[in-house]
Amino acid sequence: MAWFNKDEVKKFIRKDNSVLVVWDVQEALVNSIFNKEEFLQKLKELISAARQYNVPIVYTKITPLPERFQPPYMRRSFNPGDIVKEVYPLEGDVVLNKNTTSIFVGTNFELMLRNAGIQAIVFTGIATDIGVETSARHAQALGYLPVIAREAVSSSDKDAHERSLINMSKLMLVLDNKEIIERWSS
């Protein structure tokens, strides 16, 4: 059970105070998820709506540190590839290179939000149970309104994905695309 009134909190989502985050939708990750086709379809739907309602879009991209500067326990070879062509950023979109599981650590994301007067952060992407949840919890701790786009997040681990959605729904909004788009269009 959530600690908040979902319908009351939804009222704080507007097209003029929102940003859409497309978290790590890179080739290797997209190819590892359990619901690739459905995920891409729902993600494209939300990106299209964001463009229609002039909601800014911020893509994140895993960008490992040079090996020497990686923590010793993380030194491994991993190439996540580029952002998938089906949802590739367009001119005017922002791509944040990052190397942690929080969008706020090591980036200028928070400064960008403050400068633009953004309060609602709609999270999409991969993986629900790792970077999406970490960033959403961090956003909430910083006073932002995190919104999880239930149909446009995924993971290679279906059970972890579902647990993460259940956990987050107790703390923050977890909404279907239709509910998010209705808020942007009102």
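Summarised in this report is the structure supplied together with it. Predicted, not measured: the structure shown is a model, and the values here were computed from it.

## Side note on the packing of aromatic side chains
Any two aromatic rings considered together are summarised by their centre-to-centre distance and by the angle between their planes.
So, step 1. A complete count under the given rule lists two aromatic pairs for this structure.
So, step 2. Aromatic pair F104 and Y144: ring centres 6.0 Å apart, planes at 20°, arrangement stacked. Of this pair, F104 sits in the loop between β3 (94-98) and α4 (109-116) while Y144 sits in the loop between α5 (128-141) and β5 (145-154); the two residues are 40 residues apart in sequence, bridging distant segments of the chain. One exposure class covers both F104 and Y144, and it is buried.
So, step 3. One aromatic cluster is present, formed by F104, F109 and Y144 through successive ring pairs.

## Topic: the side chain of S135
So, step 1. Take S135: it is sitting in helix α5.
So, step 2. Beyond its immediate sequence surroundings of up to four residues, S135 is in contact with W23, T101, S102, I103, F104 and F123.

## Points about the packing of α5 against helix α6 (residues 158-169)
So, step 1. In the contact formed by α5 and α6, the axes pass within 9 Å of each other and the chain directions differ by 15°. It follows from the interaxial angle that α5 and α6 lie roughly parallel. Between α5 and α6 the crossing geometry is left-handed. Contacts from T128, D129, E133, A136 and R137 of α5 reach α6 at A160, H161, S164, L165, N167 and M168.
So, step 2. Looking at side-chain class alone, the contact of α5 with α6 contains four nonpolar, four polar and three charged residues.

So, how was this worked out
- Residues numbered from 1 in each chain as written.
- Predicted model: local features only at pLDDT ≥ 70, side-chain atom pairs only at ≥ 80, totals over all residues.
- Heavy atoms only, no water.
- Phe/Tyr/Trp six-rings, centres within 6.5 Å; stacked < 30°, edge-to-face > 60°.
- Helix = DSSP H or I, 4+ residues; strand = E, 2+ residues; numbered from the N terminus.
- Buried < 20%, exposed > 50% of the residue type's maximum accessible area, 1.4 Å probe, protein only.
- Contact = heavy atoms within 4.5 Å.
- Axes fitted to C-alpha atoms, helices over the stretch in contact; angles between N-to-C directions.
- Parallel < 35°, antiparallel > 145°, perpendicular 65-115°, else oblique.
- Left-handed = near helix turned anticlockwise from the far one by under 90°.
- Nonpolar A, V, L, I, M, F, W, Y, C, P; charged D, E, K, R; others polar.

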